[in-house]
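The chain contents come next:
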Amino acid sequence: MVPFLRAVLVRLAGAACLSLLAGAALIANTDNARADFRVCNATQALVGVAIGYRASTGWITEGWWHVDASTCKTLIEGPLASRYYYLYAEDAERGGRWEGAISMCVAEREFKIAGVNDCFARGFQRAGFEEYDTGEQTSWMVQLTDGPAGTGAAGLAGAGTE
């Protein structure tokens, strides 16, 4: 009878381990499938980031997220609701910028601004944002990099992560 009990306990322990492993795999897959808009800072400097997007109420710009060197930060959690997102970033230590051709409003301190017109008249500054067409992706990641050596330019790269 003792060998039978030992065999049953070994089988139960094995089943419990398999259940734990399956649960861990499910959690890992859920985390990998998480939808969001992330910015990764591949530089060695602190970067301030602002994002722009079209909401049901109109254009919105938000900032500043501080993204430490060699880290990522989630700007929008959950599946992306818009197709187009706009990004502007500044190197807080060296003064460089990641910018584009789309003008939107920003502020000196943390902000959430409705509308992109009359920035100066409303007490804001104007900045050039880079456009990202996320297509049908539910998740997107932009990587900020230093530009080619000697040019002083900064690099932006975006990719869906679905």
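Because the structure is predicted, anything quoted here is derived from the model rather than measured. (Residues numbered from 1 in each chain as written. Predicted model: local features only at pLDDT ≥ 70, side-chain atom pairs only at ≥ 80, totals over all residues. Heavy atoms only, no water.)

## As for the pairing of strand β1 (residues 36-41)
Now for step 1: Summarising burial for β1: five of the six residues are buried, a large majority.
Now for step 2: One ladder, built from six bridges, connects β1 with strand β4 (residues 71-77); its direction is antiparallel. Looking across to β4, one finds that C40 is bridged to C72.
Now for step 3: Bridging between β1 and strand β10 (residues 140-146) involves five bridges; their strand directions are parallel. Within the sheet, the bridge partner assigned to F37 lies in β10 and is W140. (Buried < 20%, exposed > 50% of the residue type's maximum accessible area, 1.4 Å probe, protein only. Helix = DSSP H or I, 4+ residues; strand = E, 2+ residues; numbered from the N terminus. Pairing = 2+ DSSP bridges.)

## Some words on the confidence of the model for the protein
Now for step 1: Scored by pLDDT, the protein comes out at a mean of 78, with 69% of its residues at no less than 70.
Now for step 2: Scored below 50 in pLDDT, residues 148-153 shows three contacts in the model against residues more than four places distant or in partner chains. (pLDDT = per-residue confidence, 0-100. Contact = heavy atoms within 4.5 Å.)

## Considerations on the pattern of salt bridges
Now for step 1: With the rule as written, the count across this model stands at three salt bridges.
Now for step 2: A salt bridge links D133 to R83; the shortest N-O distance between them is 2.6 Å. With D133 in strand β9 (residues 125-133) and R83 in the loop between β4 and β5 (84-91), this pair connects stretches of sequence that are 50 residues apart.
Now for step 3: D91 is paired through a salt bridge with R94; the nearest N and O atoms lie 2.8 Å apart.
Now for step 4: The class for D91 is buried, based on a relative accessible area of 6%. (Salt bridge = Lys/Arg side-chain N within 4 Å of Asp/Glu carboxyl O.)

## Focus: the side chain of E62
Now for step 1: Within the secondary structure, E62 sits in strand β3 (residues 58-67).
Now for step 2: Of the buried charged residues, E62 lacks a salt bridge, with K112 as the closest side chain of opposite charge at 4.3 Å.
Now for step 3: Looking at E62, its side chain comes within polar contact range of the side chain of Y53, at 2.4 Å.
Now for step 4: When sequence neighbours within four positions are dropped, the list of residues in contact with E62 reads V49, A50, I51, Y53, F111 and K112. (Lys, Arg positive; Asp, Glu negative; His and termini not counted. Polar contact = N/O pair within 3.5 Å; in protein donor to acceptor, adjacent residues only side chain to side chain.)

## Brief notes about the environment of A107
Now for step 1: With respect to the secondary-structure elements, A107 resides in the loop between β7 (102-106) and β8 (111-114).
Now for step 2: In the structure, A107 is positioned 18 residues away from Q125 in sequence and 6.0 Å away in space, judged by C-alpha atoms.
Now for step 3: Each residue touching A107, except ones within four places of it in the same chain, is listed here: W64, I113, F124 and Q125.

## Things to note about unusual backbone geometry
Now for step 1: The step from G63 to W64 runs through a cis peptide bond, and the omega angle for that step is -10°.
Now for step 2: By the element assignment, W64 lies in strand β3.
Now for step 3: Look at S70: it is not a glycine, yet its phi comes out positive at around 55°.
Now for step 4: Relative to the assigned elements, S70 resides in the loop between β3 and β4.
Now for step 5: Of note, the phi angle at D118 is positive, near 55°, even though the residue is not glycine.
Now for step 6: Mapped onto the elements of the fold, D118 is located in the loop between β8 and β9.
Now for step 7: Taking relative accessible area as the criterion, D118 reaches 52% and is therefore assigned exposed.

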